[in-house]
Amino acid sequence: MALTNEEKKAIREIYIFLFGEVNRADIYSLEPNEKTLAELEDLLERISKCDATMDTLFKTLPYGMVGGGWLRKGLQDLSSTISNKSGLLISVNACTTVPMAYKRSQILQTMY
């Protein structure tokens, strides 16, 4: 099933949260898809294992991180939560930095 415009917008917002401000014209010209969603879900699962803030955040989502496809169910909730919590930061350590560096380009490539 194709992503809705709202889901695409939420994915872009989560991407910006994770990787920092990018040229908004660039990010909004990209088209997130099912592969983007899968790569993002994988990254978020990895980060939650070593970042207490992110783990707590994911546990507050109505759908939690149960089974594959959890991100799509909670995409709007996660995007809203991130938008409403200014100052929310991911701890910078090897456990988060390495997967984020690796996944950033993979996620970006899925949107071209």
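Above this text sits the structure in question.
Below or above, wherever it landed, is the structure these notes cover. Remember, predicted model here, so these are calculated numbers, not experimental data.

## Focus on helix H5 (residues 70–84)
It helps to recall that an α-helix has 3.6 residues per turn; residues three or four apart then point in one direction.
No. 1: Relative to the 21 Å expected for 15 residues at 1.5 Å per residue, H5 spans 21 Å between its end C-alpha atoms, a close match to the ideal helical length.
No. 2: Its maximal kink placed at Gln-76, H5 deviates by approximately 50°.
No. 3: Inspection of H5 places Trp-70, Leu-71, Arg-72, Gly-74, Leu-75, Leu-78, Ser-79, Thr-81 and Ile-82 among the buried residues, and these make up the whole buried set.
No. 4: Elements in contact with the buried residues of H5: helix H1 (5–19), helix H3 (34–48) and helix H4 (52–59).

## A few points about the nonpolar core
No. 1: Judged by nonpolar contacts, the single largest core of 28 residues is most densely connected at Leu-18, Leu-40, Leu-44, Leu-71 and Leu-78.
No. 2: The element best represented in this core is H1, accounting for seven residues.
No. 3: Residues within four places of Leu-40 in sequence aside, it is in contact with Ile-11, Ile-14, Leu-18, Leu-71 and Ile-107.

## Re the packing of H1 against H3
No. 1: At a closest axis distance of 12 Å, the pairing of H1 and H3 adopts a crossing angle of 40°. With respect to H3, the axis of H1 lies oblique. Crossing hand, H1 versus H3: left-handed. Listed contacts from H3 to Ile-11, Ile-14, Leu-18 and Phe-19 of H1 are Thr-36, Leu-37, Leu-40, Leu-43, Leu-44 and Ile-47.
No. 2: Of the residues belonging to the contact of H1 with H3, the class tally is nine nonpolar, one polar and no charged.

## Considering the packing of aromatic side chains
Aromatic rings in a pair are described by how distant their centres are and how their planes are angled relative to each other.
No. 1: If you walk through the whole model with that rule in mind, you get one aromatic pair.
No. 2: Between Tyr-15 and Phe-19, the ring centres sit 4.7 Å apart and the planes meet at 50°, which makes this aromatic pair tilted. Of this pair, Tyr-15 and Phe-19 both sit in helix H1, separated by four residues, roughly a single helical turn. Just as Tyr-15 is buried, Phe-19 falls in that class too.

Cut-offs and rules
Residues numbered from 1 in each chain as written. Predicted model: local features only at pLDDT ≥ 70, side-chain atom pairs only at ≥ 80, totals over all residues. Heavy atoms only, no water. Helix = DSSP H or I, 4+ residues; strand = E, 2+ residues; numbered from the N terminus. Expected span 1.5 Å × (residues − 1). Bend = angle between axes of the 7 residues up to and from the residue. Buried < 20%, exposed > 50% of the residue type's maximum accessible area, 1.4 Å probe, protein only. Contact = heavy atoms within 4.5 Å. Core = buried A, V, L, I, M, F, W, Y, C linked by side-chain atoms within 4.5 Å. Axes fitted to C-alpha atoms, helices over the stretch in contact; angles between N-to-C directions. Parallel < 35°, antiparallel > 145°, perpendicular 65-115°, else oblique. Left-handed = near helix turned anticlockwise from the far one by under 90°. Nonpolar A, V, L, I, M, F, W, Y, C, P; charged D, E, K, R; others polar. Phe/Tyr/Trp six-rings, centres within 6.5 Å; stacked < 30°, edge-to-face > 60°.

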